Every structure is written in C-alpha cells, then in structure tokens.
Amino acid sequence: MSKPLVLYDGYCALCNRSVSFLQARQRPGAMEYASLQSPRGQRVLAAAGLPLQDYDSVVVQDGERVYLRSAAALHLLRYLRSPWPLLGVLRLVPAFLRDPIYNLIAHNRYSWFGNTDGK
Amino acid sequence: MSRDAVQGEFIIQPATAQHAAGIQSLVRSSGINPTGLAWQRFLVALDAAGALIGCVQVKPHGDGSRELASLAVVPQWQSHGVARALVEAILAQNSGTLYLMCQARLGVFYEKFGFSRIPVDEMSTYFRRVSKLAGVVLAVRKADEQLLVMRRAGA
C-alpha cells in the first residue's frame, strides 16, 4: 500500500518549514513529500482536477482520497508520533470555521513568512 | 556531450587537471562547500572559447553514500540551461542512489531529476551528521535559511 503523499508549495518558506516540522515528528517512513511544482505533484493535481499553478492549499493524497486545506493538515496528524495525533480533536470544529483561518494564512504566506526563490 | 544554449554554445566534458584551479575558484565564489574538490570526479561546462562556465561532481563519502555536489555556474551563464545539462550528464553516468544537500529554494529544481526531500531517519550516517551540524551553524548565524537533504533512488 502506498504511503500518504504530502504536496506543498516548494517556493513557500512557511510550507518548507512545515514539511521539516512534519518530517521531524512523523512515524518512521510514514509519509512521502513532493512539491506541488514537481512532476509528481503536477500529476496528482491534474488527476484530481485541481489548479496546476496559483496553489492555495497543501494537498494530501492518501490512497484514492485527496484532502485539502485544514482537512489535509488534520489528516496528517494521524501519521505523527504521540502526542500530536491528539490534535485530531480539532476535526470536531466544522470545516466552514476551520478553513477561513487556513485560507487567511495560505493567502498571506509569502508576505508574512517569505518565499524561497527570492521573488 | 554538447548542448546549445540560448545565447551561445557550451559543451559538457570530464574535467582535466587544467580545470582544477577554475573549479576551486568557481565553487568558492558560489559559496558552496569548498571541500573535497578532486578534479578527477568532475564534469565541467565550457563555453565556445573553452572557458570554464560550470561544474558538478559526485562525491563519495566514508559511509558508502554518494553525493551530487559542487554544482556551480558562473553568473553570466545562469538561467541558460547549463546547470540542467550538467546534472543530466552526471546522472547519466551515476545510476545508483545519490544524495544532495541544497537550499530550500533549489528543491523544486532537483525534483525534476527525481530527487525528493527525506527526513533525518532516512538519511545516511554522513548526511544525518552534516544536516545536524548545518542546523547548528544556521542557528548560530541566525540565518533565515533552510537546507534540504534530498535523495534519488538508484535505477
């Protein structure tokens, strides 16, 4: 069975740091990572009918399911070492309340946290 | 090995002893790891006049891992496909598992060649040690820089 694949914006400083955070806390070998801009990332986006550029969300592919925004972030918790999965209780907060917070950070990620390609 | 570029022509070839000083100078001016620069391991990119415009090597480490390293291109030839040509040429010669360490902004570039970033527990002993050391150095320098360790599985 394939591992969950985490797709992130490779030019976003916050996203790169978030992946480092996940990699440091994941159960050994639990997840794979690729940028949204990579050939692998582009294939997943195309298959899921998602935009191939101007990304506004981390994308998690787990089996045949694809998770976006706060649902993606919460889904990843189950693959981290204890006690991080406990934060899964946040799933009790409805997505219509969670996603606006995610979107606010996502839309301002370059201006608030910088980008890695110097643009 | 040759390749046309937008503003001229360059060739990729194995380095010779006469390129040793140029390789050292280019690597140092590029601000990348200046150690382990034996010219015998390098491929070089040369312009039509034979001047060194880029270089790359595969560096072996004591734990058996091998590193795609020392990729550098002179500023006036950057964004002309030299780095891509160098990486393609050296990967054609090295089919086994390769690691590399790079700044986060270059991760997308290396993914095009089949590299993906890996967590510490998947790193070889050498890269585990070096990434830890790099983390300490960046913290001391208070640098807002992030380094990735990437791996390309062998064919």
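Everything below is about the structure printed above this text.
Residues numbered from 1 in each chain as written. Chains lettered and ligands numbered in written order. Predicted model: local features only at pLDDT ≥ 70, side-chain atom pairs only at ≥ 80, totals over all residues.

1. Thoughts on the environment of Gly-88 of chain A
All names here are of chain A.
And then number 1: Mapping Gly-88 onto the fold places it in the loop between helix H3 (69-76) and helix H4 (95-107).
And then number 2: For Gly-88 and Val-59, which are 29 residues apart along the polypeptide, the C-alpha to C-alpha distance reads 17 Å.
And then number 3: In this structure Gly-88 touches Leu-74, Leu-77 and Arg-78, once residues within four positions along its chain are discounted. (Helix = DSSP H or I, 4+ residues; strand = E, 2+ residues; numbered from the N terminus. Contact = placed C-beta atoms within 7 Å.)

2. What to know about H3 of chain A
And then number 1: Every buried residue belonging to H3 of chain A is among Ser-70, Ala-72, Ala-73, Leu-74 and Leu-76 of chain A, and all of these are buried.
And then number 2: On its buried side, H3 of chain A packs onto strand S1 (5-8), helix H1 (13-25), strand S3 (59-62), strand S4 (65-68) and H4 of chain A. (Buried ≥ 20, exposed ≤ 12 C-beta atoms within 10 Å, placed from the backbone.)

3. What to know about the nonpolar core
When a protein is soluble and globular, its nonpolar side chains tend to lie buried together.
Residue and element names in this part refer to chain B.
And then number 1: One finds Leu-43, Ala-45, Cys-55, Val-56, Leu-86, Leu-100 and Met-150 to be the most contacted residues of the largest nonpolar core, which totals 36 residues.
And then number 2: Put simply, the parts of the chain that give this core at least two residues each are strand S2 (8-14), helix H1 (20-29), strand S3 (42-47), strand S4 (52-60), strand S5 (66-73), helix H2 (82-93), strand S6 (98-103) and strand S8 (147-152).
And then number 3: Leave out the neighbours within four places in its chain, and Leu-86 touches Ile-12, Leu-43, Ala-45, Gly-54, Val-56 and Leu-71. (Core = buried A, V, L, I, M, F, W, Y, C linked by C-beta atoms within 7 Å.)

4. Comments concerning the interface of chain B and chain A
And then number 1: On the side of chain A, 19 residues touch chain B, which itself brings twelve residues to the contact.
And then number 2: Within the residue set of the side of chain B that touches chain A, elements represented by two or more residues are helix H3 (107-111) and strand S7 (116-117) of chain B.
And then number 3: Broken down by element, the residue count for the side of chain B that touches chain A peaks at three residues, all from H3 of chain B.
And then number 4: Across the side of chain B that touches chain A, the residue classes tally to four nonpolar, three polar and five charged. (Nonpolar A, V, L, I, M, F, W, Y, C, P; charged D, E, K, R; others polar.)

5. Examining the environment of Leu-46 of chain B
And then number 1: Structurally, the position occupied by Leu-46 of chain B is in strand S3.
And then number 2: Beyond its immediate chain neighbours, meaning those up to four positions away, Leu-46 of chain B contacts Phe-10, Ile-11, Gln-13, Ala-51, Leu-52 and Ile-53 of chain B.

6. Structural notes on the pairing of strand S2 (residues 32-35) of chain A
Looking along a regular strand, one sees side chains alternate from face to face of the sheet.
All names here are of chain A.
And then number 1: Pairing geometry for S1 and S2, over four bridges, is parallel. From the neighbouring strand, Leu-7 faces S2, where its bridge partner is Ala-34.
And then number 2: Note that the unit made of S1, H1 and S2 has a crossover that is right-handed. (Pairing = 2+ DSSP bridges. Right-handed = clockwise from strand over helix to strand, strands pointing away.)

7. A word on the environment of Pro-34 of chain B
All names here are of chain B.
And then number 1: By the element assignment, Pro-34 lies in the loop between H1 and S3.
And then number 2: Here Pro-34 falls in the exposed class, since 12 other C-beta atoms lie within 10 Å of it.
And then number 3: The spatial distance from the C-alpha of Pro-34 to the C-alpha of Ile-23 is 9.8 Å, given a sequence separation of eleven residues.
And then number 4: The contact partners of Pro-34, leaving out residues within four places of it in the chain, are Val-27 and Arg-28.

8. Observations concerning the packing of H3 of chain A against H4 of chain A
All names here are of chain A.
And then number 1: Contact geometry of H3 with H4 gives a least axis separation of 7 Å together with a crossing angle of 95°. With respect to H4, the element H3 is oriented roughly perpendicular. The segment H3 lies against H4, with Arg-69, Ser-70 and Ala-71 engaging Ala-95, Arg-98, Asp-99 and Tyr-102. (Axes fitted to C-alpha atoms, helices over the stretch in contact; angles between N-to-C directions. Parallel < 35°, antiparallel > 145°, perpendicular 65-115°, else oblique.)

9. Quick look at the sheet that holds S4 of chain A
Residues and elements named next belong to chain A.
And then number 1: Pairing is mixed in the open sheet, where four strands are placed in the order S2-S1-S3-S4. Where the open sheet ends on each side, the last strands, each with one partner, are S2 and S4. Within this sheet the neighbouring strands show an average axis-to-axis angle of 20°, counted without direction.
And then number 2: The pairing of S1 with S3 spans three bridges and is classified as antiparallel. Counterpart to Val-6 in the pairing with S3 is Val-60.
And then number 3: Lying over the sheet, H1 contacts S1 and S2, oriented at roughly 155° with respect to S1.

10. A word on unusual backbone geometry
And then number 1: In this chain, Ser-82 of chain A is followed by Pro-83 of chain A through a cis amide linkage whose omega measures 10°.
And then number 2: Within the secondary structure layout, Pro-83 of chain A lies in the loop between H3 and H4.
And then number 3: In the Ramachandran plot, Arg-69 of chain A falls in the positive-phi region, its phi being about 50° despite a non-glycine side chain.
And then number 4: Along the chain, the position of Arg-69 of chain A falls in helix H3.
And then number 5: Despite not being glycine, Ser-70 of chain B shows a phi value in the positive range, around 60°.
And then number 6: Within the element layout of this structure, Ser-70 of chain B appears in strand S5.

These figures capture arrangement, not role.
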